Amino acid sequence: MPPPSLEGRLLFAVPKKGRLNQATLNLLEGADIQFRRENRLDIALVKNLPIALVFLPAADIPTFVGQGRVDLGITGWDQVQEHEAGVRSASLLRGSGPTTGGCDMVMDLGFGGCKLQVQAPVKGQYTETKDLIGKTICTSFVGLAADHFARLEAAADGDPNASEATAGSRKLRTQIVELSGSVEAACALGVAEGIVDLVESGETMRAAGLKAIDTVVESTAVLIKSKSPSNPDMVELIASRIRGVITAQRFVLCQYNVERARLAEATKITPGKRAPTVTMLDEDGWVAVSSMVETKKIALVMDDLTRVGAQDILVLDIHNTR
Ligand SMILES: Nc1ncnc2c1ncn2[C@@H]1O[C@H](COP(=O)(O)OP(=O)(O)OP(=O)(O)O)[C@@H](O)[C@H]1O
Ligand SMILES: O=P(O)(O)OC[C@H]1O[C@H](OP(=O)(O)OP(=O)(O)O)[C@H](O)[C@@H]1O
């Protein structure tokens, strides 16, 4: 079968595998972006909108969006920062301006939370990142790691502009070695004194006998767009649908009955997004309340509502909201 024609379609890059893949697919489903991906094809036409999805590694998405080859993308904020660090130092080394315009952030998607951290062996002499200056560091994030050590080295040399130093603007004493995965094994194997790698639960780091000694970037998944998307209205439509799904995931709908005499106390606990909806009940002195509550707070809210005499408390999922 020939590859599908992309004529007139907005190109939207999504992670083809890895930690961000499933949550991204769930988000597309929630936003009613319908597609069928043929086996092994990295491009899928969306059935109900003039969009084509392009399945790419998360690390490559900022390059495609930054160069304007695709209009929209979902990836980790760490990858966006890494791409920008790479573009910055390449252009400084060449002595010309950046060749890619970079990407614009549309919104934080809330999932895929992790930290890019400097890690060193628990049983070792390195307790601060500056102790690793001049040593060997293994990482998949060479741009961010090099900028981080450029700033540390500049500060150690007494440079007053240390906080702005980048790897392209000075010669590094620290050796940054690129690895494509399993970076945590580098110290135990004697390849590096420290590493710069992602941490979420901390299990990988602990299992490898490492401890975090500094944070380079805090990351979550983000929606990014190119500086000049082919169809800005379609970008807006997608962004608004995705925002609706994200908001819906952050909130639940809480409904309960309460005596009118205690309504003020109860609505203080559930003030809602704008205001709670209060309706009459077919029973004297009682009202029904319905209100959006942050999902992570719902257990405490239910405890507090019970304490002020609320009854028949129901908590319902919200599928979408605008
Ligand atoms: N442990 C983690 N917890 C949460 N998010 C993570 C974690 N590891 C990575 N991420 C996020 O997911 C993004 C993609 O990482 P992931 O390792 O899944 O990529 P991948 O495309 O499968 O690449 P690779 O084959 O190099 O592992 C990262 O840039 C980061 O934003
Ligand atoms: O703090 P934790 O919850 O243990 O997660 C951290 C691990 O997750 C990522 O690796 P991934 O599993 O994606 O594999 P990789 O090493 O091949 O990149 C990251 O590189 C760490 O190794």
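Residues numbered from 1 in each chain as written. Chains lettered and ligands numbered in written order. Predicted model: local features only at pLDDT ≥ 70, side-chain atom pairs only at ≥ 80, totals over all residues.

### Here we look at the overall build of the chain
Here is the rule we go by: Strands here mean DSSP runs of E at least two residues long; helices mean DSSP runs of H or I at least four residues long; both are numbered from the N terminus. What the globule rule says is 2.2 Å times the number of residues to the power 0.38, and the radius of gyration is computed from C-alpha atoms. In this scheme every C-beta is placed from the backbone, and a residue whose C-beta has 20 or more other C-beta atoms within 10 Å is buried, one with 12 or fewer is exposed, and one in between is partly exposed. Whether two residues are in contact depends on their C-beta atoms, placed from the backbone: they are in contact if these lie within 7 Å.
For the chain, the count of helices and strands is eight helices and 15 strands. Whereas a compact globule of 322 residues would reach a radius of gyration of roughly 20 Å, the chain reaches 25 Å, over 25% beyond that. With the C-alpha coordinates aligned to their principal axes, the bounding extent of the chain is approximately 80 × 55 × 40 Å. Taking all 322 residues of the chain together, the buried fraction comes to 36%. Intrachain contacts of the chain at a sequence separation of at least 6 include 71% that bridge at least 24 residues.

### Side note on the site of ligand 2
Convention followed: Placing the C-beta atom from the backbone, one calls a residue near a molecule or strand if that atom lies within 6 Å of it. When residue character is reported, Ala, Val, Leu, Ile, Met, Phe, Trp, Tyr, Cys and Pro are called nonpolar, Asp, Glu, Lys and Arg charged, and the others, Gly included, polar.
The full set close to ligand 2 counts 13 residues, and Gly-181, Glu-200, Ser-201, Glu-203 and Thr-204 are the nearest of them. Contributing elements (two or more residues each) for the shell around ligand 2: β9 (194-199) and α5 (203-207). By residue class, the composition of the shell around ligand 2 is three nonpolar, five polar and five charged.

### Observations concerning the site of ligand 1
Quick note on the threshold: Bear in mind that the domain bounds are from an automatic or database domain assignment.
Surrounding ligand 1, one finds 16 residues, the nearest of these being Gly-18, Arg-19, Gly-76, Cys-114 and Glu-200. When residues of the shell around ligand 1 are sorted by domain, at least three fall in each of domain 1 (10-110 + 221-230) and domain 2 (114-219).

### Describing the sheet that holds strand β12 (residues 251-259)
Threshold: Pairing between two strands is assigned when DSSP locates at least 2 bridges connecting them. For helices, the fitted axis covers only the stretch in contact; all axes are lines through C-alpha atoms, and the angles between them, taken along N-to-C directions, range from 0 to 180 degrees.
Across the sheet, which stays open at both edges, the four strands sit in the order β13-β14-β12-β15 with antiparallel pairing between neighbours. Of all strands in the sheet, those bounded by a partner on one side alone are β13 (277-280) and β15 (311-317). Between one strand axis and the next, the sheet turns by 20° as a mean value, whatever way the strands run. Note that β12 and β15 share five bridges and pair antiparallel. Note on β15: the bridge partner recorded for Leu-253 is Leu-316. Its contacts with the sheet place helix α8 (residues 298-307) against β12, β14 (286-294) and β15, and it is angled at close to 0° to β12.

### Thoughts on the domain arrangement of the chain
One frequent convention defines the size of an interface as the accessible area lost when the parts assemble. Each domain of the chain was delimited in the assignment, giving domain 1 (10-110 + 221-230), domain 2 (114-219) and domain 3 (251-317). Computed from C-alpha atoms alone, the centre-to-centre distance between domain 1 and domain 3 is 41 Å.

### Brief notes about the pairing of β14
Relative to β14, β12 runs antiparallel, the two sharing nine bridges. If you follow Glu-259 over to β14, its bridge partner there is Trp-286. Pairing geometry for β13 and β14, over four bridges, is antiparallel. Counterpart to Thr-277 in the pairing with β14 is Ser-290. Connecting β13 to the antiparallel partner β14 that follows it, the hairpin turn spans five residues, and Gly-285 within it adopts a positive phi of roughly 80°.

### Some words on the nonpolar core
How we decide: Put simply, a nonpolar core is buried Ala, Val, Leu, Ile, Met, Phe, Trp, Tyr and Cys residues tied into one set by C-beta atoms within 7 Å.
In terms of nonpolar packing, the biggest core is built from 35 residues, with Phe-12, Ala-13, Val-54 and Val-70 touching the most fellow members. Contributions of two or more residues to this core are made by β1 (10-15), α1 (21-30), β3 (51-56), α2 (61-66), β4 (72-76), α3 (77-94), β11 (221-226) and α6 (232-250). If near-sequence neighbours (up to four positions away) are discounted, Phe-12 is found in contact with Ile-51, Leu-53, Val-54, Val-70, Asp-71, Leu-72 and Ile-238. Of all hydrophobic cores here, the second largest spans 29 residues; its members include Ala-120, Val-142, Ala-186 and Val-216.

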